[in-house]
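Here's the letter readout for the chains.
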Amino acid sequence: MINVCHNKETNMTNVVPLQPHLNRYFPQESDLYFPIWTRPVAFLGKDGYPYKNPKYKAIVRISQPSNKPIQIGMVGHNYKVLRMKDLCTQIEKQLTESLEHKELDRVKVVDQISYNGAMLFRQYIFRNLKVDISDRSDSMFRVIVVNSYDGSTCFKMYCGSINSYCSNGQIS
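For the structure given in this document, a descriptive report is provided here. (Residues numbered from 1 in each chain as written. Predicted model: local features only at pLDDT ≥ 70, side-chain atom pairs only at ≥ 80, totals over all residues. Heavy atoms only, no water.)

**Things to note about the nonpolar core**
Working step 1: The biggest cluster of nonpolar side chains holds 25 residues, and the ones touching the most others in it are Met84, Leu95, Tyr124, Phe126 and Tyr149.
Working step 2: Among the elements that line this core, the one with the most residues is helix H1 (residues 84–98), at five residues.
Working step 3: Setting aside chain neighbours within four positions, we find tyrosine 124 in contact with Phe26, Cys88, Ile91, Glu92, Leu95, Val107, Lys108, Val109, Phe141, Arg142, Val143 and Val145. (Core = buried A, V, L, I, M, F, W, Y, C linked by side-chain atoms within 4.5 Å. Buried < 20%, exposed > 50% of the residue type's maximum accessible area, 1.4 Å probe, protein only. Helix = DSSP H or I, 4+ residues; strand = E, 2+ residues; numbered from the N terminus. Contact = heavy atoms within 4.5 Å.)

**Here we look at the packing of aromatic side chains**
Centre distance and the angle of the planes are the two values used to describe a pair of aromatic rings.
Working step 1: For the coordinates displayed, the defined rule picks out five aromatic pairs.
Working step 2: Judged by centre distance (6.5 Å) and plane angle (65°), the rings of tyrosine 25 and phenylalanine 26 are edge-to-face.
Working step 3: On the basis of relative accessible area, tyrosine 25 is assigned to the buried category, the value being 9%.
Working step 4: Among the aromatic side chains, those forming a connected cluster through ring pairs are Tyr25, Phe26 and Tyr124. (Phe/Tyr/Trp six-rings, centres within 6.5 Å; stacked < 30°, edge-to-face > 60°.)

**Overview of the sheet that holds strand E1 (residues 36–44)**
Working step 1: Ordered by their spatial adjacency, three strands build an open sheet running E1-E2-E3, and the pairing between neighbours is antiparallel. Two strands close off the open sheet at either side, each with one partner strand: E1 and strand E3 (69–76). Strand-to-strand twist in this sheet, taken as the mean axis angle between neighbours without regard to direction, amounts to 45°.
Working step 2: Where E1 lies against strand E2 (residues 50–62), nine bridges are found, and the strand directions are antiparallel. Within E2, the residue paired with isoleucine 36 across the bridge is arginine 61. (Pairing = 2+ DSSP bridges. Axes fitted to C-alpha atoms, helices over the stretch in contact; angles between N-to-C directions.)

Here it is, written out as structure tokens:
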């Protein structure tokens, strides 16, 4: 049986809208996604014997290109490690569910690492979500993610319209 529609308005109640897939818009691999481990902290006493300090733990990663472990942080034993890949995956999932294809299309992702990976930054710049704020400047929607493995800052996420030509990165 063939159904032919001749410019008739059709009510299609069984159609489910498809959500954009996050792999289409966001990189799945990044230098920010390195493995980390927690290790016990110890010190050498006057007698030359090691003594564990149960109040702290070390955050360790493998250094590139030496391929040797390095400590990137020492934090309290209750410190909750938030892996950057897990954070970004959840943020990207929410962005994909909240925004439309035309808004997600041409998103630019900028990653930055500081202090051997102790501080991590990711910016999502939505080039299709912009507003002219003057003759000389555009303001684009951005999401900025900050995470640390050394306890120097907690996980932070900034969202807002940021002037593209502003050298100090003020949020408009």
